[in-house]
Amino acid sequence: MLKTILETKKQELESLELPPAQQVTKRSLYKALREPNRQIGLIAEVKKASPSKGLIREDFQPVEIALAYEASGADAISVLTDQQYFQGHRDYLTAIKKETTIPIMRKDFIIDEQQVEESARIGADAILLIAGTVSDEDLHQLYQSAHNKGMECLVEVHAADELTNLLMVFTPQLIGINNRNLKTFSTTLHQTEEIAKGVPAGTMFVSESGIHTPEDLIQVGKAGASAVLVGESLMRAESPNLGIKHLFGEK
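Residues numbered from 1 in each chain as written. Predicted model: local features only at pLDDT ≥ 70, side-chain atom pairs only at ≥ 80, totals over all residues. Heavy atoms only, no water.

In the annotation of an unreviewed UniProt entry, the entry for the protein reads Indole-3-glycerol phosphate synthase, and the organism field reads Alkalicoccobacillus gibsonii.

Quick look at the structure:
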């Protein structure tokens, strides 16, 4: 699936038109997660669909969802901008950024400098970079380019050896550990427990995917996660507010 998505991204790059730059205040994802609103940080995701689950939320109002996340104490918001596989759009991010006051991260498959420039122009405070989509050296270039444009990066890994190889090239300020196996799309929180062993002391990491309950938060928190990125369970909830309350075991 990842290979298919990356081929699509390469095709999209050939016709990518950069939008006018938004004049926005940049906000730090790192600082927001270092001083979270609850015992563990929450990046809440605005996500309509996914390749593995299909349509997740039919009544999809991205700005309303984002505002509800913020009102419910999310520390940051992740916005899916991939159109073909996740039914997202870069305009969703721009609209959300204009209406909210917490950091907004662009979640897409970023493999080229043009997409980094595009992310800055649409108003992203941070971007997701995924190990294995390009070489670790190229990933470092994209990371530095994002920082030069005033954005931070969450650098995602899916395996212990992927993290080891990445750390030989550079140490990201924020590491993401994805609990989903990108080959099979199955999820297990043991991924976080195993991969966390290789995260350098003092480096913050975020556990992503497969997180649905207060028990899940405790499990990844014990493994050392400073924050979680949650999309599907919040999007399937009756409301974003109830989804976050359920996640944290709040009445």
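That shown, we press on.
As a further point, take the sheet that holds strand β1 (residues 41–46). The strand order around the closed barrel built from 8 strands is β1-β4-β5-β6-β7-β8-β9-β10, with neighbouring strands paired in parallel fashion. Each strand axis lies, on average, 25° off the axis of its neighbour in the sheet, ignoring direction. Where strand β4 (residues 76–80) meets strand β5 (residues 104–107), 4 bridges bridge the pair, whose relative direction is parallel. Looking at β5, one finds that Ser-78 is bridged to Met-105. Running over the sheet, helix α3 (residues 62–71) touches β1 and β4 and is turned about 170° from β1. (Pairing = 2+ DSSP bridges. Helix = DSSP H or I, 4+ residues; strand = E, 2+ residues; numbered from the N terminus. Axes fitted to C-alpha atoms, helices over the stretch in contact; angles between N-to-C directions. Contact = heavy atoms within 4.5 Å.)

On to the nonpolar core. With 77 residues, the main nonpolar core has Leu-42, Tyr-69 and Leu-129 as its most contacted residues. By residue number, the principal contributor to this core is strand β6 (residues 126–130), which donates 5 residues. (Core = buried A, V, L, I, M, F, W, Y, C linked by side-chain atoms within 4.5 Å. Buried < 20%, exposed > 50% of the residue type's maximum accessible area, 1.4 Å probe, protein only.)

Since the α-helix advances by 3.6 residues per turn, residues separated by three or four positions end up pointing in the same direction. Of all the residues in helix α11 (residues 240–248), the buried ones are Pro-240, Gly-243, Ile-244, Leu-247 and Phe-248. Seen along its axis, α11 keeps its buried residues to an arc of 120°; they face one direction. On its buried face, α11 sits against β1, α3, α9 (214–222), β10 (227–230) and α10 (232–236). Positive phi appears at Gly-249, one or two residues downstream of α11, with a value of about 70°. (Arc of directions from axis to C-beta.)

All right, on to helix α5 (residues 113–122) then. When we look at burial in α5, the residues that qualify are Gln-115, Val-116, Glu-118, Ser-119, Ala-120 and Ile-122. In this structure, the buried side of α5 is in contact with α1 (2–14), α4 (90–99), β5, β6 and α6 (136–148). One side-chain oxygen at the N-terminal end of α5 lies 2.8 Å from the backbone nitrogen of Gln-114; it belongs to Asp-112. (Polar contact = N/O pair within 3.5 Å; in protein donor to acceptor, adjacent residues only side chain to side chain.)

This paragraph deals with the pairing of strand β8 (residues 174–178). For β8, the buried fraction is high: 5 of the 5 residues fall into the buried class. Of the two faces of β8, the one carrying Leu-174, Gly-176 and Asn-178 and the one carrying Ile-175 and Ile-177 are both buried. As paired strands, strand β7 (residues 152–157) and β8 are joined by 3 bridges and run parallel to one another. Within β8, the position partnered with Val-157 by the bridge is Ile-177. Pairing geometry for β8 and strand β9 (residues 204–208), over 5 bridges, is parallel. What sits directly across from Leu-174, in β9, is Met-204.

As a further point, take the environment of Ala-159. For Ala-159, the location among the structural elements is in the loop between β7 and α7 (160–167). When its relative accessible area of 26% is taken as the criterion, Ala-159 is described as partly exposed. With 21 residues separating them along the chain, Ala-159 and Arg-180 place their C-alpha atoms 9.9 Å apart.

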